[in-house]
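One-letter residues, chain by chain:
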Amino acid sequence: CAASAGSAANASGKAAVFRMDSDGSDEAHHSDHDHAQDEALQMAPAPPKDFSTEDRTLHEALEDFYWRNRANNLANINAIVAKYRGANVVHLWAQLAIKYNVPPVEAVELLSRTLYQSSPYEYSDKELRHELEEAMAEVRHDLLAQGLSVKRTELLTRAVARGAKDGSDRLL
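For the structure given in this document, a descriptive report is provided here.

1. Thoughts on the overall build of the chain
Move 1: When helices and strands are tallied, the chain shows 7 helices and 3 strands.
Move 2: Element order for the chain, N to C, with α for helix and β for strand: β-β-β-α-α-α-α-α-α-α.
Move 3: Across the chain, every contact between residues at least 6 apart in sequence was considered, and the portion connecting residues at least 24 apart equals 41%.
Move 4: A total accessible area of about 11,300 Å² is found for the chain, and carbon and sulfur atoms account for 53% of it.

2. Here's the deal with the side chain of Asn73
Move 1: Take Asn73: it is sitting in the loop between helix 2 (53–69) and helix 3 (77–84).
Move 2: Under the relative-accessibility criterion, Asn73 is labelled buried at 13%.
Move 3: Ignoring sequence-local partners within four residues, the contact set of Asn73 consists of Tyr66 and Tyr100.

3. Quick word on the packing of helix 4 (residues 89–99) against helix 5 (residues 104–114)
Move 1: Between helix 4 and helix 5, the shortest axis-to-axis distance is 10 Å and the interhelical angle comes to 155 degrees. With respect to each other, helix 4 and helix 5 are oriented roughly antiparallel. Considering the relative orientation of helix 4 and helix 5, their crossing is right-handed. Seen from helix 4, the contacting residues are Val89, Val90, Trp93 and Ala97; seen from helix 5, they are Ala107, Leu110, Leu111 and Thr114.

4. Details of helix 6 (residues 126–145)
The α-helix advances 3.6 residues per turn, and as a result positions three or four apart in sequence lie on the same side.
Move 1: Taking 1.5 Å as the rise per residue, helix 6 with 20 residues should run 28 Å; its terminal C-alpha atoms sit 28 Å apart, in good agreement.
Move 2: Three or more residues of helix 6 are buried, namely Leu128, Leu132, Ala135, Met136, Val139, Arg140 and Leu143. Down the axis of helix 6, the sector holding all buried residues measures 140 degrees, keeping them to one side. In helix 6, the exposed residues that point more than 90 degrees away from the buried face are Lys126, Glu127, His141, Leu144 and Ala145.
Move 3: Following helix 6 by one or two positions, Gly147 adopts a phi angle in the positive range, close to 75 degrees.

5. Examining unusual backbone geometry
Move 1: You will see that Asn101, though not glycine, has its phi angle at about 55 degrees, which is positive.
Move 2: Position of Asn101 among the secondary structure elements: in the loop between helix 4 and helix 5.
Move 3: Residue classification places Asn101 among the exposed residues on the basis of a relative accessible area of 67%.

6. Thoughts on the environment of Ala82
Move 1: Position of Ala82 among the secondary structure elements: in helix 3.
Move 2: Overall, the relative accessible area of 38% leaves Ala82 in the partly exposed class.
Move 3: On a C-alpha basis, the gap between Ala82 and Phe51 in space is 8.6 Å, while along the polypeptide they are 31 residues apart.

7. Here we look at the nonpolar core
Move 1: Grouped together as the largest cluster of nonpolar side chains are 23 residues, with contacts concentrated most on Leu58, Leu62, Phe65, Tyr66, Trp93 and Leu96.
Move 2: Excluding residues that lie within four positions of it along the chain, Leu62 makes contacts with Ile77, Ile80, Val81, Leu92, Trp93 and Leu96.

What counts, and where the lines are drawn
- Residues numbered from 1 in each chain as written.
- Predicted model: local features only at pLDDT ≥ 70, side-chain atom pairs only at ≥ 80, totals over all residues.
- Heavy atoms only, no water.
- Helix = DSSP H or I, 4+ residues; strand = E, 2+ residues; numbered from the N terminus.
- Contact = heavy atoms within 4.5 Å.
- Areas by Shrake-Rupley, 256 points an atom, 1.4 Å probe, with all protein chains shown as cover.
- Buried < 20%, exposed > 50% of the residue type's maximum accessible area, 1.4 Å probe, protein only.
- Axes fitted to C-alpha atoms, helices over the stretch in contact; angles between N-to-C directions.
- Parallel < 35°, antiparallel > 145°, perpendicular 65-115°, else oblique.
- Left-handed = near helix turned anticlockwise from the far one by under 90°.
- Expected span 1.5 Å × (residues − 1).
- Arc of directions from axis to C-beta.
- Core = buried A, V, L, I, M, F, W, Y, C linked by side-chain atoms within 4.5 Å.

Take a look at the structure:
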C-alpha cells in the first residue's frame, strides 16, 4: 500500500517512481516508460541544406535555448531561424529574453554568439542597409577569392581599408 508517490529520472533515463511504503521506507519503482521516446518527440529538425553557417549557428543556439526553456518549440526552430536570420536576430533574442526572463548578461551572450557577419549593423534606412550589405558581400567575396577565411577581424580591417580608399566611413 503506497502512502504517497513522486517521480524522478534515474541515471539510465527511465522514470523512477518513489513510493512511501507502509513501513516508511523510500523505494524506487522503475517505470517501463522510456524517456528516450519523449526526447525523440522533442528533437529539433535538422537544418535545411540551404542554411548558411550563420543560420546553423543560430539553429544550434536556439536548440539549446528551447531545450532548456520550452522543448515544445524545438519543432519550430527552422521556421524561427528563417524568420529572424540576419539583422533580425537582435529582435529575436530581445523578445526571448523578455518572454523567458533571461538575465541581460545571458541574452547578450546568446546574441553575441549568433550575430550574422552579413548584418553587423542595423539601419532603419533600407537603402543604406542594402548598400552596406552589398559592400560587405564584395569584401567577403574578395577575401574568399584570395583564399582567406572570412573572420570578423579581417572584415573590419578590409572595411577600414576600403573606407580609407573611398574616403568614406559608411562600411563602419
